[in-house]
Structures are given as structure tokens and as C-alpha cells.
Amino acid sequence: MTEIETISEQRCHGGTQGFYRHHSESCGGPMRFALYQPPQAASEVCPVLYYLAGLTCTEETATIKAGAQRLASELGLILVMPDTSPRNTGFDGATGDWEFGEGAGFYVDATQAPWSSRFRMHSYVVDELPALIAEHFPADRERSGIMGHSMGGHGALTIALKHPGRYRSVSAFAPIVAPTQVPWGEKALPRYLGEDTSAWAAYDACELVRRQTFDGTILIDQGEADGFLSTQLKPELFDQACAEGGQSLVLRRHAGYDHSYYFISTFIDDHLRHHASALGRP
Ligand SMILES: N[C@@H](CCC(=O)N[C@@H](CS)C(=O)NCC(=O)O)C(=O)O
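Just so it is clear, the structure is predicted and the values come from calculations on it, not from any experiment.

## Structural notes on empty space enclosed by the protein
A probe as big as a water molecule, rolled over the atoms, marks out the empty space that is left. One pass over the full model with this rule turns up 1 cavity of 30 Å³ or more. Put simply, the largest cavity is a space of about 30 Å³. Among the secondary structure elements, those contributing two or more residues to the lining of the largest cavity are β4 (46–52), α3 (121–136) and β6 (139–149). Sort the elements by how many residues they give to the lining of the largest cavity and β6 lands first, with 4 residues. Of the residues assigned to the lining of the largest cavity, the class counts are 5 nonpolar, 1 polar and 2 charged.

## A short note on the pattern of salt bridges
Scanning the model with the defined rule gives 17 salt bridges in all. Notably, a salt bridge pairs Arg120 with Asp109, separated by 3.9 Å at the nearest N-O pair. With Arg120 in the loop between β5 (78–82) and α3 and Asp109 in the loop between β5 and α3, this residue pair connects regions lying 11 residues apart in the sequence. Between Asp127 and Arg166 there is a salt bridge, with the nearest N and O atoms lying 3.1 Å from each other. Of this pair, Asp127 sits in helix α3 while Arg166 sits in the loop between α4 (151–162) and β7 (169–173), and the two are 39 residues apart along the sequence. For Asp127, a relative accessible area of 39% puts it in the partly exposed group. The exposure class assigned to Arg166 is partly exposed, which follows from its relative accessible area of 33%.

## Let's talk about the confidence of the model for the chain
The predicted model of the chain has a mean per-residue pLDDT of 98, with 100% of residues at 70 or higher. Confidence estimates for the predicted assembly give a pTM of 0.98 and an ipTM of 0.93.

## Let's talk about unusual backbone geometry
Note the cis peptide between Ala113 and Pro114, where omega equals -5 degrees. For Pro114, the position within the fold is in the loop between β5 and α3. A positive phi angle, near 55 degrees, is found at Phe106, a position not held by glycine. Along the polypeptide, Phe106 turns up in the loop between β5 and α3.

## Quick look at the site of the ligand
Neighbouring the ligand are the residues Gly54, Leu55, Thr56, Cys57, Thr61, Lys65, Trp98, His149, Ser150, Phe228, His259 and Tyr261. Contacts to the ligand include Leu55, whose backbone N or O atom sits 3.1 Å from a nitrogen atom. Here an oxygen atom of the ligand sits 2.5 Å away from a polar atom, N or O, in the side chain of Lys65. With respect to the detected pockets, the ligand is housed in the largest pocket. When grouped by side-chain class, the residues that make up the shell around the ligand number 5 nonpolar, 6 polar and 1 charged.

## Some points on the sheet that holds strand β3 (residues 29–37)
Read across the sheet, 9 strands follow the order β1-β2-β3-β5-β4-β6-β7-β8-β9 without closing on themselves; strand pairing throughout is mixed. Two strands in the sheet have a free side with no partner beyond their single neighbour: β1 (4–12) and β9 (249–254). For this sheet, the mean angle separating the axes of adjacent strands, direction not counted, is 20 degrees. As judged from the 6 bridges shared by β4 and β6, these two strands associate in the parallel manner. When the sheet's bridge partners are listed, Cys46 is paired in β6 with Ala139. With respect to the sheet, α3 is in contact with β1, β2 (15–24), β3, β4, β5 and β6, its orientation differing from that of β3 by roughly 55 degrees. In the packing of helix α10 (residues 261–278) onto the sheet, contacts are made with β4, β5, β6, β7, β8 (218–223) and β9, and the angle to β7 comes to roughly 170 degrees.

The rules behind the values
Residues numbered from 1 in each chain as written. Predicted model: local features only at pLDDT ≥ 70, side-chain atom pairs only at ≥ 80, totals over all residues. Heavy atoms only, no water. 1 Å grid on protein atoms, 1.4 Å probe; cavity = no way out; pocket = protein on both sides within 12 Å on 5 of 7 lines; lining within 4 Å. Points joined across faces, edges and corners; volume = space filled by probe spheres on them. Helix = DSSP H or I, 4+ residues; strand = E, 2+ residues; numbered from the N terminus. Nonpolar A, V, L, I, M, F, W, Y, C, P; charged D, E, K, R; others polar. Salt bridge = Lys/Arg side-chain N within 4 Å of Asp/Glu carboxyl O. Buried < 20%, exposed > 50% of the residue type's maximum accessible area, 1.4 Å probe, protein only. pLDDT = per-residue confidence, 0-100. Near = heavy atom within 4 Å. Polar contact = N/O pair within 3.5 Å; in protein donor to acceptor, adjacent residues only side chain to side chain. Sits in = over half its atoms within 2 Å of the grid points. Pairing = 2+ DSSP bridges. Axes fitted to C-alpha atoms, helices over the stretch in contact; angles between N-to-C directions. Contact = heavy atoms within 4.5 Å.

Quick look at the structure:
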């Protein structure tokens, strides 16, 4: 059995909020994640909802700020919130820029040195973490959903689209939907994946959804007062790509809401219910 170290465990809404650390093969070093077990986990296996956070975030950010545990407890969902990248890599340029490197893994498997030895968040989230969680927690691997915010929304959409059948539900808050066309992606993707733009397209939700739809409706919430809306996020591009690809999408725009966790915590319940109904927890 792969070992995990418990950093902390605390009672929360009748269940347990934990923080854990383990050695990751994919990321070549220690990784941390947060996991919430609802009360139902004491007596049955529960469906799992993965939440991928955005730039500058850690496994603590959404755990503390999203307010997801109260309804997850009621619905019987396990919540998994991984860190956004490996840490303490020592690579030149890995820290000091919030848009690249540590805290900005972009949920890709890097192919360029030195990043390729540690920055393999795609494999980590899709394969290694679910296997680890099924080993250590009462988690039903057959019932998984995935969601995320901003860079994590990009992660959730691309992962769900690239692995048909693996996730029963997907949603996002203010996702980066077209990283090949916006400054965040144009900065990070060449450094992780090289100059060949076809390698970037494999991690672009707009490109992916034109070729392979997700079996289910994708839910996206976007604040109209989000400072990144017109430069980095451009949800209209995904709306158009979904129309072209025949993908069912609910894109909700909310006047006055920005990019922050005040926005996320306002609408998190709608996302949990979206996932719960697909995961057999209506
Ligand atoms: N550091 C950036 C903001 C980065 C940012 O907004 N990050 C989002 C994800 S893309 C976030 O969730 N931050 C953590 C938080 O709000 O607690 C800035 O100063 O403009």
C-alpha cells in the first residue's frame, strides 16, 4: 500500500476535513492534498468530487474559502482538493512569478526540461491521486466528478474532455477555456510543452470540445465583474466551441461578481448539486 501521512484531521459538518501528504511518482516528490469525508463515509463508499484550484492557490485555498463541506456532508460527497503543483523543486524560475511554476502547474504533463521531471499534474490528478484515494478512503472510483476555478477550471474541463467515461460530471468557475489564445497560456505552455503549438492544443478546452464532447451537460459560472474576464477567460470562445462541437453547456453570467472566493462560495451549492445528481446523490 502506498503510504500517506496525515497532517491534520478535524471534525467538520459531521464528517472529517483532513490534510495529507504523500510521495508522488508522477511529480517526483512530496505532494499535499485536502480531503473531506462526509458522515456517510463511515458506513459506505461515497462518490468523489475533485476540485482543482487556480493560480497562486494550494490545497488549503478552496478547502478554507469555498464553503463546500456543508452541502457535501448533506449530499454524501467526498471532496478532494489537491495542491496546484509540486513544491520546493529548486528549479530556476519555479518561484517568484505567480503565473508560472510552483502554484501554476496548469494541470499538464510537462515535456520540457527541467519541468518534465516534476510538473506532471495531469497524470497526478487523473491517475495517481484517484488510485491513492481509493486505497486509503471509502471512495467509489466509478463515481467521480471534477470541477475547478480559473486555471483549475481549465484543468477540470481538459481532463474531463481528454478522458471520456472517467468522470460523470464536470463544472467550472471562471475557467481559462482557451489557453492557446490568452496571455496566461501563451506564457506557461511553451515553457512546459515546447514551441510546437499542437502540443498546447491538447490542453485547450476549446480545441478539445470541437473533437470530443463530454457525455453530460457542462456547468460554468462566470462573474461579469471578473478582472480577468476579457483578457484571460473569454467564456464566449467556449460557448462557440461547444455549439460547434455539439456539446451541452450551461454558461451562467453573474452581474457584479468578480474572480474571488466570494463569488465561488455564493454559487458552490449549485455546483455540488450538479455533480451530486450525476453521481447518484440527488
Ligand atoms: N495574484 C493575482 C491574483 C491571482 C488570483 O486571483 N488567483 C485566483 C485563481 S486564478 C485565486 O483563487 N486566488 C486565491 C484566493 O483568492 O484566495 C493578482 O494579484 O492579481
